[in-house]
Amino acid sequence: MDTKTIAKAAAGLKGEVQIPGDKSISHRSVMFSALGSTPVHITNFLHAQDCLSTAACMKALGASVEFKSDTELVVTGNGLRGLKEPQTIIDAGNSGTTLRLMMGILAPQPFLTTFTGDASLHKRPMGRVIAPLSQMGAKIYGRQDNQKLPITIVPQAQKLKGMTYNSPVASAQVKSAILLAGMYAEGDTTVVEPFTSRDHTERMLEAFGVHTEKNGTAVTIHPVKEFNAPQEIEVPGDISSAAYWLVAGCIIPGSDLLLRNVGVNVTRTGILDVLKDMGADITLVNERTSGGEAAADIRVRYSKLHGTEFGAEIMPRLIDEIPIIAVAALFAEGDTVITGAGELRVKETDRLQAITDQFNKLAPGAVDGTEDGLVIHGGKPIQHAQAFSYDDHRIAMSLAILGAAGDGVTIENPECVNISYPAFYQTLDSLR
């Protein structure tokens with residue numbers, strides 16, 4: 001088994017970090033550009049497995065995808081109705097975003113598509129997207145009662161019908177799939193969520209000349225005739241990747257970090273709110289807008305944290321950051337109580353279970369798992385231990401920061417960071 005040992009960062013972390021491109025926005029930049037008819041020059045694209053899966057899918061559907069470098073590419077589509085039937089099965093790899101959004105785009109198409117993915121993606125539930133698309137008239141078939149890969153989308157004689165869908169979950173992937181299908185439907189399509197989920201799809205659609213209407217937690221899209229692609233999209237840095245350095249800077253004494261070009265879309269900045277609530281020393285500078293998305297540089301310095309409580313309402317704004325927030329909580333004074341995070345049980349792994357089982361190896365007795373969250377007892381002694389990543393990039397990176405802030409850690413299956421942040425370990429070394 002592959003392992004990697006991370007040593008304690010005794011002198012703190014210092015320096016500047018160029019944050020890799022936002023994963024959500026990288027996916028959408030390639031997908032939407034492939035639905036336009038003019039070339040789009042994309043920069044700061046996240047060169048990681050998930051986003052490369054999306055690029056490969058769009059190529060298989062007839063778009064031109066030309067890489068100039070790892071992080072720069074030009075995508076040219078054949079128009080909104082110009083996708084071609086793929087020659088073979090399409091592989092979404094490990095990427096739930098690729099699969100769920102592509103189902104929305106492909107459900108209205110006049111050709112057959114079959115999807116597969118890796119072993120982890122085959123276990124993840126897709127019914128939450130398939131059910132509403134089927135209500136619109138899509139014909140989608142999957143394993144285990146239309147829940148799991150492989151999944152086939154069959155063309156149907158009638159156009160999809162627009163509808164109002166009351167989503168039981170606040171999920172950007174569910175919302176996006178329905179809105180994207182709605183572009184091709186008859187009549188308007190509205191998605192109503194219990195809380196507002198991240199809005200990268202709506203913002204990027206705006207950059208392609210497509211207007212969506214927001215009313216409370218509801219979003220409406222009208223049928224779309226064509227995409228007017230922008231010439232350029234600069235992808236801001238991913239706050240989910242910045243999260244590891246935000247927490248490291250807060251909890252490792254002597255740290256002072258400047259994180260460059262971080263996306264600070266308000267639907268994603270829950271981690272900033274929680275860390276500030278815990279007493280973190282975080283400052284935003286050089287705030288700006290690119291491609292409809294807010295970006296800034298973030299300075300973070302070591303500070304004494306205290307426990308906090310948060311729940312379902314903020315969850316859509318920080319769901320991917322729970323593992324690293326749990327690390328911050330271990331170094332805070334008092335207890336941190338997290339509720340409303342049941343969604344984490346169906347990610348790349350059951351993340352609530354993973355955090356409980358693995359973090360307790362380094363901080364014995366510090367984490368209690370609950371049905372939909374965690375209770376973390378801060379300030380307990382941290383020891384060196386060997387811990388398992390579950391091949392989950394967010395668990396691996398969180399363990400690395402926990403080890404650097406504590407007494408070191410040996411991570412089993414460390415290479416899964418390539419899913420979203422291939423340069424993660426090198427960056428950690430460079431900041432010591």
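Everything below is about the structure printed above this text.
Thresholds, definitions, all that
Residues numbered from 1 in each chain as written. Predicted model: local features only at pLDDT ≥ 70, side-chain atom pairs only at ≥ 80, totals over all residues. Heavy atoms only, no water. Pairing = 2+ DSSP bridges. Helix = DSSP H or I, 4+ residues; strand = E, 2+ residues; numbered from the N terminus. Contact = heavy atoms within 4.5 Å. Axes fitted to C-alpha atoms, helices over the stretch in contact; angles between N-to-C directions. 1 Å grid on protein atoms, 1.4 Å probe; cavity = no way out; pocket = protein on both sides within 12 Å on 5 of 7 lines; lining within 4 Å. Points joined across faces, edges and corners; volume = space filled by probe spheres on them. Right-handed = clockwise from strand over helix to strand, strands pointing away. Left-handed = near helix turned anticlockwise from the far one by under 90°. Nonpolar A, V, L, I, M, F, W, Y, C, P; charged D, E, K, R; others polar. Buried < 20%, exposed > 50% of the residue type's maximum accessible area, 1.4 Å probe, protein only. Phe/Tyr/Trp six-rings, centres within 6.5 Å; stacked < 30°, edge-to-face > 60°. Core = buried A, V, L, I, M, F, W, Y, C linked by side-chain atoms within 4.5 Å. Polar contact = N/O pair within 3.5 Å; in protein donor to acceptor, adjacent residues only side chain to side chain. Salt bridge = Lys/Arg side-chain N within 4 Å of Asp/Glu carboxyl O.

**Here we look at the sheet that holds strand β20 (residues 367–370)**
The mixed open sheet is built from four strands, whose spatial order is β18-β19-β21-β20. The open sheet has two edge strands with one neighbour each: β18 (309–310) and β20. Across two bridges, the pairing between β18 and strand β19 (residues 335–338) is parallel. Within the sheet, the bridge partner assigned to Phe-310 lies in β19 and is Ile-338. The strands touched by helix α11 (residues 322–330) within the sheet are β18, β19, β20 and β21 (373–377), with β21 carrying the most contacts at an inclination of about 20°. Packing against the sheet, helix α12 (residues 351–362) makes contact with β20 and β21, and its axis sits at approximately 160° to β20.

**Examining the layout of surface pockets**
The computed volume of the largest pocket comes to approximately 650 Å³. The wall of the largest pocket is formed by 38 residues, among which Ser-171, Ile-319, Asp-320, Glu-343 and Lys-347 lie closest to the centre. Contributing elements (two or more residues each) for the lining of the largest pocket: α1 (23–33), α3 (96–106), α7 (172–182) and α13 (393–405). Among the elements that make up the lining of the largest pocket, the one with the highest residue count is α1 (four residues).

**What to know about the pairing of strand β11 (residues 189–192)**
For strand β10 (residues 164–166) and β11, the ladder comprises three bridges, and the chain directions are parallel. Bridging across to β11, Tyr-165 finds its partner in Val-191. With α7 bridging β10 and its parallel neighbour β11, the resulting β-α-β unit is right-handed.

**Regarding the packing of α11 against α12**
Think of two packed helices as two axes; the pair is described by the angle between the axes and how far apart they sit. Two elements in contact, α11 and α12, have axes whose closest approach is 10 Å; the angle formed by their N-to-C orientations is 35°. For the pair α11 and α12, the sense of crossing is right-handed. Between α11, through Ile-322, Pro-323, Ala-326, Val-327 and Leu-330, and α12, the contact on the second element is made entirely by Arg-351, Ile-355 and Phe-359. Across the contact of α11 with α12, the residue classes break down as seven nonpolar, no polar and one charged.

**Digging into α7**
Summarising burial for α7: 11 of the 11 residues are buried, a large majority. Among the residues of α7, those classed as buried are Ala-172, Gln-173, Val-174, Lys-175, Ser-176, Ala-177, Ile-178, Leu-179, Leu-180, Ala-181 and Gly-182.

**Digging into the environment of Ser-33**
Tracing the chain through its elements places Ser-33 in helix α1. Overall, the relative accessible area of 0% leaves Ser-33 in the buried class. For the pair Ser-33 and Ala-107, spaced 74 residues apart in the sequence, the C-alpha separation amounts to 18 Å.

**Things to note about the packing of aromatic side chains**
Within the structure shown, the criterion is met by 10 aromatic pairs. With 5.8 Å between their ring centres and 65° between their planes, Phe-45 and Phe-67 make a pair best called edge-to-face. Of this pair, Phe-45 sits in the loop between β3 (40–43) and α2 (49–60) while Phe-67 sits in strand β4 (residues 64–69), and the two are 22 residues apart along the sequence. Summarising the aromatic geometry, the rings of Trp-245 and Phe-424 are spaced 5.1 Å apart at their centres and angled 25° between planes, so their arrangement reads as stacked.

**Quick notes on the nonpolar core**
Within the largest apolar cluster, 78 residues are counted, with the highest numbers of intra-cluster contacts made by Trp-245, Leu-259, Leu-275, Ile-401 and Phe-424. Residue contributions to this core peak at 10 residues, all from helix α9 (residues 239–251). Those residues in contact with Leu-259, other than ones at most four positions away along the chain, are Val-17, Ile-19, Ala-242, Trp-245, Leu-246, Ala-296, Asp-297 and Ile-298. Residues Leu-73, Phe-111, Met-136 and Leu-149 belong to the second largest nonpolar core, which totals 68 residues.

**Some points on the side chain of Thr-427**
Turning to its location among the elements, Thr-427 is positioned in helix α14 (residues 424–430). Side-chain polar atoms of Thr-427 contact the backbone oxygen of Ala-423, separated by 2.8 Å. When residues no more than four places from it in sequence are discounted, the contact partners of Thr-427 are Val-17, Trp-245 and Tyr-421.

**Some thoughts on the sheet that holds strand β15 (residues 256–263)**
Here we have four strands laid out as an open sheet, ordered β2-β15-β17-β16, and mixed in their pairing. The open sheet has two edge strands with one neighbour each: β2 (14–18) and β16 (281–290). Strand-to-strand twist of the sheet, defined as the mean angle between neighbouring strand axes without regard to direction, takes the value 15°. Where β2 lies against β15, five bridges are found, and the strand directions are parallel. When the bridges of β15 are listed, Val-17 appears paired with Leu-259.

**Thoughts on the pattern of salt bridges**
Applying the stated criterion to the full structure yields 21 salt bridges. For Asp-256, the salt bridge goes to Arg-299, with nearest N and O atoms at 2.6 Å. Of this pair, Asp-256 sits in strand β15 while Arg-299 sits in strand β17 (residues 293–301); the two residues are 43 residues apart in sequence, bridging distant segments of the chain. For Asp-256, a relative accessible area of 26% translates into the label partly exposed. Residue Arg-299 is classed as partly exposed on the basis of its relative accessible area of 32%.

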